[in-house]
Structures are given as structure tokens and as C-alpha cells.
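# Residue-level structural notes
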Amino acid sequence: PVMQVLETIHSKGMIHRDISPSNIMILYNGRVRLLDFGAAKDISLETGQLTTMSSVYKFGYSPIEQLTHGLKQGPFTDIYALCATIYEMLTSAIPPSPFQRSYEGAQIVPPSQFGVQITPIQEAALIKGLAINGEDRIQTIAELRDALCGTAAQFDNGSYYAPYGSDKAGQN
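One numbering rule holds for all chains: residues counted from 1, following each sequence as written. Only residues with pLDDT of at least 70 get local features here, since the model is predicted, and only at 80 or more are side-chain atom pairs given and counted; chain-wide, interface and lining totals rely on the full set of residues. Excluding hydrogens and water, the side-chain values take into account all heavy atoms of the structure.

### A short note on the environment of Ile-86
Note the cut-off: Under the DSSP-based scheme used, a helix requires at least four consecutive residues in state H or I and a strand at least two consecutive residues in state E, with every element numbered from the N terminus. Categorising residues by exposure relies on relative accessible area from a 1.4 Å probe, with only protein chains included: less than 20% of the type maximum marks a residue as buried, more than 50% marks it as exposed, and the intermediate range marks it as partly exposed.
Position of Ile-86 relative to the elements: it lies in helix 2 (residues 75–91). For Ile-86, a relative accessible area of 16% gives the class buried. Distance from Ile-86 to Pro-21, taken between C-alpha atoms, is 8.7 Å for residues 65 residues apart in sequence.

### Quick look at the side chain of Thr-85
Counted only if it meets this: In this analysis, two residues are considered to be in contact whenever any of their non-hydrogen atoms come within 4.5 Å of each other.
Note on placement: Thr-85 falls in helix 2. Its relative accessible area of 1% is what places Thr-85 among the buried residues. Every residue in contact with Thr-85, bar those within four places of it in the chain, is listed here: Ile-19, Ser-20, Pro-21, Ile-24 and Tyr-61.

### A closer look at the nonpolar core
For the record, the criterion: In these notes, a set of buried Ala, Val, Leu, Ile, Met, Phe, Trp, Tyr and Cys residues joined through side-chain atoms within 4.5 Å is what counts as a nonpolar core.
Judged by nonpolar contacts, the single largest core of 27 residues is most densely connected at Met-3, Leu-6, Leu-82, Leu-130, Leu-144 and Leu-148. Elements with a minimum of two residues in this core: helix 1 (2–11), helix 2, helix 4 (120–129) and helix 5 (141–148). Those residues in contact with Met-3 that lie beyond four places of it in its chain are Leu-82, Ile-86, Ile-141, Leu-144, Arg-145 and Leu-148.

### Things to note about the side chain of Asp-78
Our working definition: We treat Lys and Arg as the positive residues and Asp and Glu as the negative residues; His and chain ends play no part in the count. The working definition used for a salt bridge is a side-chain nitrogen of Lys or Arg within 4 Å of a carboxyl oxygen of Asp or Glu. Nitrogen and oxygen atoms within 3.5 Å of one another constitute a polar contact, given that in protein one can donate a hydrogen and the other can accept it, and given that sequence-neighbouring residues count only through two side-chain atoms.
Relative to the helices and strands, Asp-78 resides in helix 2. Put simply, Asp-78 is tucked away with no salt bridge, and the nearest opposite charge, on Arg-17, sits 7.0 Å away. A polar atom in the side chain of Asp-78 sits 2.8 Å from the backbone nitrogen of Arg-17. Excluding its chain neighbours within four sequence positions, the residues that come into contact with Asp-78 are Leu-6, Ile-9, His-10, Ile-15, His-16, Arg-17 and Ile-19.

### Here's the deal with the pattern of salt bridges
Following the criterion strictly, the structure yields two salt bridges and no others. For Arg-145, the salt bridge goes to Glu-7, with nearest N and O atoms at 2.8 Å. Taken together, the residues span a long stretch of sequence, with Arg-145 in helix 5 and Glu-7 in helix 1 at a distance of 138 residues. Using a relative accessible area of 10% as the deciding quantity, one classes Arg-145 as buried. On the basis of relative accessibility, which here comes to 30%, the residue Glu-7 falls in the partly exposed class. The salt bridge involving Glu-65 is made with Arg-137; its shortest N-O contact spans 2.7 Å. With Glu-65 in the loop between strand 4 (41–42) and helix 2 and Arg-137 in the loop between helix 4 and helix 5, the pair connects residues that are 72 residues apart, well separated along the chain.

### Digging into the confidence of the model for the chain
Note the threshold: Per residue, pLDDT measures the predictor's confidence, with a range of 0 to 100.
Residues of the chain with pLDDT of at least 70 account for 74%, and the chain-wide mean is 79. Mean pLDDT per element in the chain: strand 6 (residues 160–161) is the minimum at 47, and helix 2 is the maximum at 95. pLDDT under 50 marks residues 160–172. Its contacts with residues more than four places away, or in other chains, come to 33 contacts.

### What to know about the packing of helix 4 against helix 5
The following threshold applies: Axis lines are fitted through C-alpha atoms, for helices just across the contact stretch, and the angle between N-to-C directions can take any value from 0 to 180 degrees. Any angle between 65 and 115 degrees counts as roughly perpendicular, while under 35 counts as roughly parallel, over 145 as roughly antiparallel, and the rest as oblique. Residues are sorted three ways: Asp, Glu, Lys and Arg are charged, Ala, Val, Leu, Ile, Met, Phe, Trp, Tyr, Cys and Pro are nonpolar, and all the rest, Gly among them, are polar.
Interaxial distance between helix 4 and helix 5 falls to 8 Å at its minimum, and their mutual angle equals 150°. Comparing the axis directions of helix 4 and helix 5 gives the class roughly antiparallel. Only Leu-144, Ala-147 and Leu-148 of helix 5 make contact with helix 4, whose side of the interface consists of Ile-121, Gln-122, Ala-125 and Leu-126. The residue inventory of the contact of helix 4 with helix 5, partitioned by class, reads six nonpolar, one polar and no charged.

Below you can see the structure in the form of C-alpha cells.
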């Protein structure tokens, strides 16, 4: 459900910018809600620039573009935060911040090393979704969903490709 909401707001030129476990609520009936759209912003899908600049930071969940003035933000910004949230749900560990990784040499420990049963494609998707640079990340929720739900094909080098237009794409 969180991916569906993000896909919808991204298609309308918006990004959430504050995804974390504290902004996801599971209701008594099992439904899931994404909360706190206070940091959401319109973006220009052509330039990736926010219409207004403001700082939003949540340790472990905010990507570098939210921590550094002048970097482009887009759907890949929310993908970082969503992958950080999924990572914590699987491992009980908050991923190190982009600054810890860039300047202190901190590493993201793959979920499988925590004993999490995860496919190589799913693990590669989470790690790629947590790439420091936005352009190195998964770019769309559809790509992320395809990789996490098992509809993406893996290349020999460990990267993956979400098969757009394939009969499996969009079924999840």
C-alpha cells in the first residue's frame, strides 16, 4: 500500500520526503497508511528541482539530496527512504547515513548477513535503493516493486533489470 501511494503522488509530480517507520501506520484491521505529508513538495518532473527549498532530515532515512543544498530531488528521494524503512523492518538496524558512508567508511550490511531470508534480486534492489547518489538508485516505484516482488530478472553482475512492458510487470 505504501508503494501504491508513492506511485500515485509521484505520477502527480509530488514527493513525500519524510518516509520512515514513524510515518507508516498499521491500523487495527491490517490496513497500512502513509502519514505526515507535511514535508511533501511539488517537483518539476523535467528538472527534478523542488519548487521551494526546505530541509527535512531524519537520521538513517534521509538521502544525501535532502542533506545537501542544491542537489536534485525526485522519486528516487522517496525510494531511498522507503528502502531504509524496509531495511530496518528486515534487520532491526537503521542503515548508516549517507555522510557516515561517505566520510566515515560505514557500510550497509546486506540483510542476508543478518540471517534474513531474502533473494539476491531483493537484496540487490534494497542496496541499490540505498545508493548514496540519486542517479545510482532505483528511479521508480515500479522498478522497486518489480525487484522486491520477484518480477525482475537478474544480470550476471548482480544488478537487476525490471522488465518494463513484460507480462510480469505491474502485476503486483
